[in-house]
Amino acid sequence: MIRLHHCPGTRSVRSLWLLYELGVDFELVTLPFDKTLRQPAHLALNPAGRVPALELGGTALFESGAIAEVLCERFSPAGLGRPVGHPERAAWLQWVHFAETVSQHCANLTQQHLMLREDHMRSPILTQLEARRLGKTFGVIEAAVQGSDYLLSEFSAADIGAGQAVEMGRHFVRLADYPALGRWFDRLLARPAFARALEGAGGFYARDFYPPLEDPAGS
Ligand SMILES: N[C@@H](CCC(=O)N[C@@H](CS)C(=O)NCC(=O)O)C(=O)O
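Residues numbered from 1 in each chain as written. Predicted model: local features only at pLDDT ≥ 70, side-chain atom pairs only at ≥ 80, totals over all residues. Heavy atoms only, no water.

Examined bridge by bridge, strand β1 (residues 2-6) and strand β2 (residues 27-30) share four bridges and lie parallel to one another. The residue of β2 that forms the bridge with H6 is T30. For the handedness criterion, the β-α-β arrangement of β1, helix α1 (residues 12-22) and β2 is classed as right-handed. (Pairing = 2+ DSSP bridges. Helix = DSSP H or I, 4+ residues; strand = E, 2+ residues; numbered from the N terminus. Right-handed = clockwise from strand over helix to strand, strands pointing away.)

You can see S15 is positioned in helix α1. The residues touching S15, leaving out its near neighbours within four places in the chain, are L4, P52, S64 and I67. (Contact = heavy atoms within 4.5 Å.)

Opposite charge on two side chains permits them to pair, given that their charged atoms come into close proximity. Here the structure, examined in full by the defined rule, presents nine salt bridges. The partner of R3 in a salt bridge is E55, and the shortest N-O contact between them spans 3.1 Å. Residue R3 is found in strand β1, and its partner E55 is found in strand β3 (residues 53-56); the two are separated by 52 residues along the sequence. For R3, a relative accessible area of 22% puts it in the partly exposed group. Note that R82 and E88 form a salt bridge whose closest N and O atoms lie 2.8 Å from each other. (Salt bridge = Lys/Arg side-chain N within 4 Å of Asp/Glu carboxyl O. Buried < 20%, exposed > 50% of the residue type's maximum accessible area, 1.4 Å probe, protein only.)

Of the residues examined, S15 reaches a relative accessible area of 2% and is grouped as buried. Between the alpha carbons of S15 and L4 there is a distance of 7.8 Å; along the sequence they are eleven residues apart.

Attention now moves to the sheet that holds strand β4 (residues 59-61). Across the sheet, four strands lie side by side as β2-β1-β3-β4; this open sheet has mixed pairing. Whereas interior strands pair on both sides, the edge strands pair on one side only; in this sheet they are β2 and β4. Each adjacent strand pair in this sheet contributes to an overall mean axis angle of 20°, direction not counted. In terms of strand pairing, β1 meets β3 through four bridges, oriented antiparallel. Across the sheet, residue L4 finds its bridge partner in β3, namely L54. Contacting β1, β2 and β3, α1 runs over the sheet at an angle of about 145° to β1. This element, helix α3 (residues 64-75), spans β1, β3 and β4 of the sheet and lies at about 30° to β3. (Axes fitted to C-alpha atoms, helices over the stretch in contact; angles between N-to-C directions.)

The analysis is restricted to geometry; functional conclusions fall outside its scope.
See below:
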């Protein structure tokens, strides 16, 4: 039995997209992005009170990179995954987990722009710094996909992790500044499994783009 606990528009899109690409049977539990994640029933699956959480044969996994590794190992070792001994194994692992280097800035920016509702709670400096640091991670992907369709020789779970992170990040850093990344991202968006995994995500970000906040006049 495979059951994914998911909130639309969040990192669990990563696991959902992968499950759709793998074409395996699974049950989807869609949760609101609120205190539901702090309920004992959810904490029993993800003790940090977050998504994704994946129930898989009697265990619960709660880290998206580990979920990608385990699902690929089991269902697509040399397709969406890269098995031990494969020449692209190390690079595959690195990109699967680089998704979190991108996502940490998306999470901080989401918190600043969306979750902190009062202006006095927000830090313009933090939004400027985090947007710059997110842009640097986009630059790393930009360099990797110059002249190639995907992060590795073929589409893989590495593109899924990083692609989902860029989907969040594009609300804070303009893709137009990263043309090769933009073409790679359009290629990913054209995949039916990605479009399906993004269903219902539209409500998460109220705006298409959140520029860094300006410093208050005189400070
Ligand atoms: N490193 C974890 C991060 C999971 C995570 O922070 N998920 C966010 C959604 S993008 C969450 O559930 N946040 C709820 C909260 O912090 O209350 C992973 O990749 O699975």
